[in-house]
Amino acid sequence: MHSHLLPGIDDGAPDLAESLTLIRALLDLGFAELYTTPHVMSDLYPNSRDTILRKRDELLEAVAESGLEVRLDAAAEYYIDTAFTDRLIREPLLTLPGNRVLVEQSMMQPYPNLDQVLFDLQMKGYQPVLAHPERYAFYRHAEQILELADRGIELQVNLLSLSGYYGTAARKMAKALIEAGVVSFVGTDLHHIRHAKALAECLKEPMFVRAAAQAANPTLSTSG
């Protein structure tokens, strides 16, 4: 439920050939249903609903022509900043099943109005899902993340965090969130083939089994 497979739209797959390579890699790992979520960042990746859906349709056509058996759809990974708050007012957001909206924030510093933005999302009928909260360990303690979960914010941990791919602090935070029972989803956050190769090793981690069991959800399967 978190991947970057659309061609040439962010820092994920640069072209259709690579998109198909990444999808094949995920199929080899046992995934069957993928929700790809390109970045929407006002400065780096100014994607819109229309550009994302056009790229999704382009990829779906290529998948069909390649004979790959996979269920694929697209949403977005929205970067929380002032541009996002404007977007929330003026247009419908791309969602995962259950009217879920995947959001992220800076890895280096907290967004000052995060609580208000998440509340505004909820008031508009969206279910916020915070992407890779363990990667904010640089400035947030586990207790602060747990407070978000208590407010109804769903949490999505990256599988690669469980193997230490993003460093010791992220792995420690991921473990703490899993042990606290607040992880709603796990995702690949797949950007390139190196991620796919690392995932093959990560899936052997005992902690993954616990995370996947905890994140099992009838309305949105644990997926790419």
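Everything quoted here is computed from the prediction, not taken from an experiment.

Conventions adopted
- Residues numbered from 1 in each chain as written.
- Predicted model: local features only at pLDDT ≥ 70, side-chain atom pairs only at ≥ 80, totals over all residues.
- Heavy atoms only, no water.
- Axes fitted to C-alpha atoms, helices over the stretch in contact; angles between N-to-C directions.
- Helix = DSSP H or I, 4+ residues; strand = E, 2+ residues; numbered from the N terminus.
- Left-handed = near helix turned anticlockwise from the far one by under 90°.
- Contact = heavy atoms within 4.5 Å.
- Nonpolar A, V, L, I, M, F, W, Y, C, P; charged D, E, K, R; others polar.
- Buried < 20%, exposed > 50% of the residue type's maximum accessible area, 1.4 Å probe, protein only.
- Arc of directions from axis to C-beta.
- Parallel < 35°, antiparallel > 145°, perpendicular 65-115°, else oblique.
- Pairing = 2+ DSSP bridges.
- Salt bridge = Lys/Arg side-chain N within 4 Å of Asp/Glu carboxyl O.
- Core = buried A, V, L, I, M, F, W, Y, C linked by side-chain atoms within 4.5 Å.

Caption draft 1: Region of the structure containing the packing of helix α1 (residues 16-28) against helix α2 (residues 49-66). Between α1 and α2, the shortest axis-to-axis distance is 10 Å and the interhelical angle comes to 65 degrees. Judged by the twist between their axes, the crossing of α1 over α2 is right-handed. From α1, L16, S19, L20, I23 and R24 reach across to α2, where they touch E58, L59, A62, V63 and S66. In the contact of α1 with α2, the residues fall into 6 nonpolar, 2 polar and 2 charged.

Caption draft 2: Highlighting helix α4 (residues 114-123). Residues of α4 that are buried include every one of L114, V117, L118 and L121, and no others. The buried residues of α4 occupy one face: seen down the axis, they fall within an arc of 95 degrees. Packing partners of the buried residues in α4 comprise α3 (82-90), β5 (100-104), β6 (127-131) and α5 (142-150). G125 lies just past α4 and shows a positive phi near 90 degrees.

Caption draft 3: Geometry of the packing of α5 against helix α6 (residues 168-179). Between α5 and α6, whose axes approach to 10 Å, the crossing angle comes to 45 degrees. Comparing the axis directions of α5 and α6 gives the class oblique. The two elements α5 and α6 meet at a crossing, and its hand is right-handed. Two secondary-structure elements touch here, α5 through A142, I145 and L146 and α6 through M173, A176 and L177. Partitioning the contact of α5 with α6 into residue classes produces 6 nonpolar, no polar and no charged.

Caption draft 4: Up close: the side chain of T37. Residue position: T37 is located in the loop between β1 (33-36) and β2 (39-40). T37 sits in the buried class, given a relative accessible area of 0%. For T37, the contacting residues outside a window of four places in its chain are M1, H2, S3, H4, A75, A76, E77, L96 and L102.

Caption draft 5: Structural view of the pairing of strand β3 (residues 71-74). In β3, alternate side chains face the same way, and those of L72 and A74 are buried while those of R71 and D73 on the opposite face are not. Bridge analysis of β1 against β3 gives 4 bridges, and the strand direction is parallel. Residue pairing in the sheet places L34 in a bridge with L72 of β3.

Caption draft 6: Inspection of the pattern of salt bridges at higher detail. Taken as a whole and judged by the stated rule, the model has 8 salt bridges. With a shortest N-O distance of 3.7 Å, R90 and E91 are connected by a salt bridge. For R90, a relative accessible area of 55% puts it in the exposed group. The exposure class assigned to E91 is partly exposed, which follows from its relative accessible area of 21%. Bridged by salt links that share partners, the residues R56, D57 and D73 form one connected network.

Caption draft 7: View of the nonpolar core. Core analysis: the largest hydrophobic core is formed by 67 residues, its most contacted members being L5, I23, Y78, V103 and L121. Of the residues forming this core, the biggest block, 5 residues, is contributed by α1.

Caption draft 8: Seen up close, helix α7 (residues 193-202). Regarding α7, the residues found buried are H195, A196, A198, L199 and C202. All buried residues of α7 project into a common sector of 165 degrees when viewed along the axis, lining one side. Of the residues in α7, the exposed ones pointing more than 90 degrees away from the buried face are R194 and K197.

Caption draft 9: Representation of the environment of R140. Within the element layout of this structure, R140 appears in the loop between β6 and α5. Under the relative-accessibility criterion, R140 is labelled buried at 12%. Between the C-alpha atom of R140 and that of G125, which follows or precedes it by 15 residues, the distance is 27 Å. Residues in contact with R140, not counting those within four places in the same chain, are Q105, P110, L114, I145 and M173.

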